[in-house]
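# Observations on chain architecture
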Amino acid sequence: MDQRAPNLLDEALGLVDEEKTKPWPLSSRVVLVEDRVETSGAFVLHHLLKRALSPHSSNDVVVFLAFSQPFSHYDRVLRKLGCNLTAQRENNRFFFLDLLMSEFPDGDEENKDGLVALYGKIEKVVSTSFQENKKCITIVIDDFSLMEVAANGSTNYVLDFLRYCRTLTSAFGCSLVVLNHEDIYSSIERPALILQMEYLADILIKAEPLATGLATDVHGQLTVLNKEIRDEQGSSRNKICNFHFRVKENGVEYFYPGSKT
Amino acid sequence: MAESICRALRDGALQGEHAPALTIKDSIVSPFGFHVFTHLLTQLSSNILAAKSQSRGLVLVAFSRSPSFYLDLLNRKGIHVASSQKWIEILDCYTDPLGWKDALLASGYGGSLSNEASTGASLCRNVKDMDKLYSSIIELGKGIVGQGKVRFCVAIDSVNEILRHASISSVAGLLSNLRSNDRVSSIFWLSHSDLHEDRVTAVLEYMSSMVASIEPLNQSAYGHRCNWERLPLLKHNFWKGKFHVRFKRRNGRVRVMSEEFYVEQLAINFRSISSEDEIVNRSLLPKVQFNLQLSEKEQFDRAKVVLPFEHQGTGKPIQIYDGRRSLTDGKSEAEPVSTGILQTNENSSKGEIIYLRDSDDERPDSDEDPDDDLDI
């Protein structure tokens, strides 16, 4: 399979660009990936990571906030996809913030200070990269629910953190990609956190199991809601896309429901 | 209807009364409140620029978007922000609402200041302080219109953000202080209703003279979260919805009006409830044995029926019997009565009443007194 062939996810996100003339379409945008325990949405993050670090766009910088997996995990996954994270890290294109063991100190003020310091780190990386003329910066948070855990469950502070990260998207044209789990909020009547995130997001990607149950050939469905379509030519693009996917060892197959032979 | 909101915001407040206030509320199922907000903002801005409105300036309190976003937006709509006379001030509660960046900068940790600073918006570094927020809004407004009696408008793009940092009572205090300030011409704010308890939404609605609520075209029966099982329907209808506006008059009269909207190319468009839906509604009426409505032909035929008490002058002038002359056609009418048919009319385009006598027992009409057997 040709790795560069655009797939349905790229199309839905507007990443298809043959001439490589347009700027990174996700810049200044917030992408929220929502998944469930049955269907992990991690492959979407891997895909976006690979696209952001692809050799065709040499200006890209990724700041990765890892709350859920160690570096070696991402390194192995991305290597299968044909992207060497270790090399990228040495080239200062991939900034990996290992927050796996991090726990912000207990107590209201200290808790906040921990998040402020983390934000400061990100801002520093972003602004120095920006000054080095690396304009396409992607901030990835994997995943947000664990960040809430690290912040001792303080929803308000992590939302503040997210807001501040969002100011970077408007100030520096960064893109912000956040993964969160939808079903852990399902029992709450007013899941303010996930709703706030959905309001914030410009692009919402939902990974869900099939409504009809388990299948061997189809691992789940993706729904992409592209809220704001920036189209200067006025050509209409699909605003809500829905397709099935199958996660393979070295890539993901995307296809429309019923089109797989 | 969106226009009537614009008009109300444009016309402003009467002397000695609260400024008209508008709550725009939406939910995640149809999250287009911000589109309505920007629509009203541009309308009001062009009114202010054309000097059609009571207010001469606008203070925009930006929580959810950066000031440069708004400046771009207004420029794109052909409204020139950088005109000779300053008419808009943006209070920037977006860039550094909690003073984190300031603290980082002070400790020498943070990077350079962002390029937001160049937009000329005034920064608010502590949105938790309602008194400070209030005084800076009023100061910015007075900075535009100067001292005197000239008023200005206030727009707040997210009440939810304030509510995250302050209690509902202090936010209500801020809004009501703004409303009752005699320099404020009108005020409007956006609120996502599903982020808070119902009572918070109710409080905001009590304080506003107009409430614009945005609802999806097909109200989901499954609760307020997006339901992707209805996706085929959603694909078509997500960008459309219903727009209800509730006006509260001074005397307590409440009027609700509805419209439809659709979002296209980042702009929101309004139209009256389409007749397509009415046809759908009509066909949804249960099928019954009798007609509730007459068809056009039936209505026409019905209009042609000559009722028995009407003068049936067949083209001739109507003569009313005054007791002195005998009616000329009295004889010809008496004849069919005896055969049981009241009237046979050759002119088929006219409606007719056919009367069949049940039996000969039934006495023909006569001048006899029907009560003559009574012993009065």
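Residues numbered from 1 in each chain as written. Chains lettered and ligands numbered in written order. Predicted model: local features only at pLDDT ≥ 70, side-chain atom pairs only at ≥ 80, totals over all residues. Heavy atoms only, no water.

## Digging into the packing of helix H1 (residues 2-11) of chain B against helix H2 (residues 33-49) of chain B
All names here are of chain B. Closest axis-to-axis distance for the H1/H2 pair is 10 Å, and the angle between their directions is 45°. The orientation of H1 relative to H2 falls into the category oblique. The element H1 and its partner H2 pack so that their crossing is right-handed. Contacts between H1 and H2 pair Ala2, Ile5, Cys6, Leu9 and Arg10 from the former with Leu40, Gln43, Leu44 and Asn47 from the latter. (Axes fitted to C-alpha atoms, helices over the stretch in contact; angles between N-to-C directions. Helix = DSSP H or I, 4+ residues; strand = E, 2+ residues; numbered from the N terminus. Parallel < 35°, antiparallel > 145°, perpendicular 65-115°, else oblique. Left-handed = near helix turned anticlockwise from the far one by under 90°. Contact = heavy atoms within 4.5 Å.)

## Observations regarding the packing of aromatic side chains
Counted according to the given criterion, the structure contains 22 aromatic pairs over all chains. The interplanar angle of 10° and the centroid separation of 5.8 Å between the aromatic rings of Phe64(A) and Phe96(A) together place this pair among those described as stacked. Pair noted here: Phe64(A) is in strand S2 (residues 61-66) and Phe96(A) is in strand S3 (residues 94-98), with a separation of 32 residues, a long-range link. With relative accessibility at 1%, the residue Phe64(A) sits in the buried group. Through a chain of ring-to-ring contacts, the aromatic side chains of Phe64(A), Phe71(A), Tyr74(A), Phe94(A) and Phe96(A) assemble into a single cluster. Above the face of the Phe71(A) ring, Arg89(A) is positioned so that its terminal group lies 4.0 Å from the ring centre. The ring centre of Phe69(B) lies 5.3 Å from the NZ or CZ of Arg65(B), which sits over that ring. (Phe/Tyr/Trp six-rings, centres within 6.5 Å; stacked < 30°, edge-to-face > 60°. Buried < 20%, exposed > 50% of the residue type's maximum accessible area, 1.4 Å probe, protein only. Lys NZ or Arg CZ within 6 Å of the ring centre and 35° of its normal.)

## Overview of the confidence of the model for chain B
For chain B, mean pLDDT is 79; residues scoring 70 or higher make up 71% of the total. In this model, residues 332-345 of chain B is a region of pLDDT below 50 whose contacts with residues beyond four sequence positions or in other chains number 15 contacts. (pLDDT = per-residue confidence, 0-100.)

## Focus on the pattern of salt bridges
Taken as a whole, this structure holds 20 salt bridges over all chains when the rule is applied. Linking Arg125(B) and Asp102(B) is a salt bridge whose minimum nitrogen-to-oxygen distance equals 3.7 Å. Here Arg125(B), found in the loop between strand S4 (122-123) and helix H5 (130-145), pairs with Asp102(B), found in helix H4 (residues 100-106); they are 23 residues apart in sequence, far enough to count as distant. For Asp102(B), a relative accessible area of 35% corresponds to the partly exposed category. Through salt bridges with shared partners, a single network forms among Glu34(A), Arg36(A), Glu182(A) and Lys206(A). (Salt bridge = Lys/Arg side-chain N within 4 Å of Asp/Glu carboxyl O.)

## Topic: the pairing of strand S2 (residues 55-62) of chain B
Residue and element names in this part refer to chain B. With 7 of its 8 residues buried, S2 lies for the most part within the structure. Alignment of S2 against strand S5 (residues 151-156), held across 5 bridges, turns out to be parallel. Pairing of serine 55 across the sheet is with arginine 151, part of S5. As judged from the 5 bridges shared by S2 and strand S3 (residues 88-92), these two strands associate in the parallel manner. Considered in S3, the bridge of valine 59 is made with glutamate 89. (Pairing = 2+ DSSP bridges.)

## Overview of the sheet that holds S2(B)
All names here are of chain B. With mixed pairing, the 10 strands of this open sheet are ordered in space as S4-S3-S2-S5-S6-S1-S7-S8-S9-S10. Strand pairing shows two members of the sheet lacking a second neighbour, S4 and strand S10 (267-271), which therefore form its edges. Of the strands in this sheet, S2 and S3 are in contact with helix H3 (residues 67-76), which crosses S3 at around 150°.

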